[in-house]
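Breakdown of the fold
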Amino acid sequence: MVGVTINRVPLPQHNPDKLRVSTASEERIREARGREMEVIEVLHMNGGMGDTSYANNSLVQLKVITMTKPITEDAITKLYSSTLPKSLVIADLGCSSGPNTLFAVSELIKVVDQLRRKSGHDQSPEYQVFLNDLPGNDFNTIFKSLPSFQKKMSNQLGAGAGSCFFAGVPGSFYGRLFPSKTLHFVHSSYGVQWLSKVPEQVESNKGNIYMAKTSPPSVLRAYHAQFQRDFSMFLKCRAEELVLGGRMVLTILGRRSEDPSSKECCYIWELLAMVLNEMVSKGLIEEEKMDSFNIPQYTPSPSEVKFEVLKEGSFIIDYLEVSEVNWSINDTSEINSSYDQFCDGGYNVAKCMRAVAEPLLVSHFGDAIIEEVFSRYREILSDRISKESTCFFNVIVSLIKKEWS
């Protein structure tokens, strides 16, 4: 009989403390993923063509796109003149829906066609346009508008202009959306300030729904850290997708100040928080619901944008500036001022903000309070607009994909 010696390996002792740490860590990971999925599912502008739709309440955004036209036109001019591509691929990230969606793209195509004609090139490039937003975006309204848009563009460009091909690309721009080195030009207006998720560790932000003067420093740090992670990933993904020498123009809702709780960027949300807190005091909203609601947005300064671009390393900054636009559009000369409904600045801004924020509010508080929220919000906005200067600040950056990256 052959003797067999069995060496018993002692099993690791059960350590309940380690198990609790591991479980807690896994729970935090699950919560973070849940917040990310929740934002992807509920973050979208009001769809359709109704009274509260983004399509009918986005004149501020249209003015911003119009204000940045010289920068986008300069970028597309330099790109086309240096490459003369047979096919020009453009992506608009965070396109939303309504007339603004196709406005920026149409202006880019017109610039290229004018350049072609001036330079005497008979062969026009074909245009491939990708329209991107999160899956909840109202892509159907965009697609329904395409036949009339293409007919209008064909009439404006005339004979000899290249064909335009459009495709919707649902998905988060904080991940890859396109194959490597396929895009020539990326445009995004009022998209990149939205975060991939509500930052972690903002539970102490009680009474606020965004960064505010009364927010604890830990909350401000959490928002900034989330912006750094998201914007770095955004740049990394676009660096993969753009051709060498490709261009990108981003207009980001931001601030001049280095203070992340500055009135320049937080006031519009502070006033909405006032409304919600008032409704808490009257028993219309649960306090716990109010304290657990935070806007997934970060409004950066130019230096913060510059720092992240330089740190990521794939782009050259060609242009960086800050502009401002009044909350209320009724004083602008760039946009048709015959809109009688915008005589009340509070009405205008409340409807604009409702088109943006309603889906987030409904997903958290339900839809029963919405009319009351925006009725009160309009009153506060009208009062503040009549007494003080109120502006949105925009950080505009024009980037070039490095030839050696």
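Because the structure is predicted, anything quoted here is derived from the model rather than measured.

**Section: the overall build of the protein**
Per the secondary structure count, the protein includes 11 helices and seven strands. For the protein, with 405 residues in total, the buried portion stands at 52%. Here the protein displays about 19000 Å² of accessible surface, and carbon together with sulfur accounts for 53% of that area.

**Some words on the nonpolar core**
Core analysis: the largest hydrophobic core is formed by 80 residues, its most contacted members being Phe234 and Trp269. Of the residues forming this core, the biggest block, 12 residues, is contributed by helix H7 (residues 263–281). Every residue in contact with Phe234, bar those within four places of it in the chain, is listed here: Leu93, Phe173, Tyr174, Val192, Met248 and Leu250. The next biggest cluster of nonpolar side chains, apart from the first, holds 28 residues, and it includes Cys95, Tyr127, Phe139 and Phe166.

**Section: helix H11 (residues 370–387)**
The end-to-end C-alpha separation of H11 is 26 Å, in line with the 26 Å expected for 18 residues at 1.5 Å each. Buried within H11 we find Ile370, Val373, Phe374, Arg376, Tyr377, Ile380 and Leu381. The buried residues of H11 occupy an angular sector of 160° when the element is viewed end-on, so they sit on one face. What points out from H11, more than 90 degrees from its buried face, is the exposed set Glu371, Glu379 and Ser386.

**Let's talk about the pattern of salt bridges**
In this structure the tally under the stated criterion is 20 salt bridges. Measuring nitrogen to oxygen at the nearest pair gives 3.0 Å for the salt bridge that ties Lys69 to Glu107. A residue pair is termed long-range when its members are at least 10 positions apart, and Lys69 in helix H3 (residues 69–83) and Glu107 in helix H4 (residues 99–119) qualify at 38 residues. The class for Lys69 is partly exposed, based on a relative accessible area of 23%. Overall, the relative accessible area of 14% leaves Glu107 in the buried class. Close ionic contact of Lys263 with Glu388 constitutes a salt bridge, the shortest N to O distance being 2.6 Å. Of this pair, Lys263 sits in helix H7 while Glu388 sits in the loop between H11 and strand E7 (391–401), and the two are 125 residues apart along the sequence. Overall, the relative accessible area of 24% leaves Glu388 in the partly exposed class. Among the ionic contacts, a cluster of salt bridges with common partners joins Lys69, Glu73, Glu107 and Lys110.

**Details of the sheet that holds E7**
Strand pairing in a sheet relies on backbone hydrogen bonds, with the paired strands running either antiparallel or parallel. One open sheet accounts for seven strands, arranged E3-E2-E1-E4-E5-E7-E6; its pairing is mixed. The sheet terminates laterally at strand E3 (164–170) and strand E6 (315–326), the two strands that pair on one side only. Sheet twist, expressed as the mean angle between neighbouring strand axes with direction ignored, is 15°. Across the sheet, helix H5 (residues 139–157) touches strand E2 (126–133) and E3, and the angle it forms with E3 is around 175°.

**Things to note about the packing of aromatic side chains**
Enumeration over the complete set of coordinates arrives at 13 aromatic pairs. When the ring of Tyr174 is compared with that of Phe234, the centres are 6.4 Å apart and the planes differ by 70°; the resulting orientation is edge-to-face. Taken together, the residues Tyr174 in the loop between E3 and strand E4 (183–189) and Phe234 in helix H6 (residues 217–241) connect sequence positions 60 residues apart. Across the pair, exposure class does not vary: Tyr174 and Phe234 are buried alike. Of the aromatic side chains, those joined through ring pairs into one cluster are Phe173, Tyr174, Phe227, Phe231, Phe234 and Tyr298. Note that Arg238 overlies the ring of Phe234, its terminal NZ or CZ placed 5.0 Å from the centroid. Taking NZ or CZ as reference, Lys263 lies 4.4 Å from the ring centre of Tyr267, over its face.

**A closer look at the pairing of strand E1 (residues 87–93)**
Across a regular strand the side chains alternate sides, sitting on one face of the sheet and then on the other. Among the seven residues of E1, six are classified as buried, and the element is accordingly described as predominantly covered. Regarding topology, H4 serves as the crossover connection from E1 to the parallel E2, and that connection is right-handed. As paired strands, E1 and E4 are joined by three bridges and run parallel to one another. Residue pairing in the sheet places Ala91 in a bridge with Val186 of E4.

**Observations concerning the environment of Lys213**
Structurally, Lys213 is set in the loop between E4 and H6. Between the C-alpha atom of Lys213 and that of Glu270, which follows or precedes it by 57 residues, the distance is 9.2 Å. Setting aside residues up to four positions removed in sequence, Lys213 forms contacts with Asp259, Ser261, Ser262 and Glu270. Of the polar contacts made by the side chain of Lys213, one reaches the side chain of Asp259; its length is 2.6 Å.

Reading guide: rules and limits
Residues numbered from 1 in each chain as written. Predicted model: local features only at pLDDT ≥ 70, side-chain atom pairs only at ≥ 80, totals over all residues. Heavy atoms only, no water. Helix = DSSP H or I, 4+ residues; strand = E, 2+ residues; numbered from the N terminus. Buried < 20%, exposed > 50% of the residue type's maximum accessible area, 1.4 Å probe, protein only. Areas by Shrake-Rupley, 256 points an atom, 1.4 Å probe, with all protein chains shown as cover. Core = buried A, V, L, I, M, F, W, Y, C linked by side-chain atoms within 4.5 Å. Contact = heavy atoms within 4.5 Å. Expected span 1.5 Å × (residues − 1). Arc of directions from axis to C-beta. Salt bridge = Lys/Arg side-chain N within 4 Å of Asp/Glu carboxyl O. Pairing = 2+ DSSP bridges. Axes fitted to C-alpha atoms, helices over the stretch in contact; angles between N-to-C directions. Phe/Tyr/Trp six-rings, centres within 6.5 Å; stacked < 30°, edge-to-face > 60°. Lys NZ or Arg CZ within 6 Å of the ring centre and 35° of its normal. Right-handed = clockwise from strand over helix to strand, strands pointing away. Polar contact = N/O pair within 3.5 Å; in protein donor to acceptor, adjacent residues only side chain to side chain.

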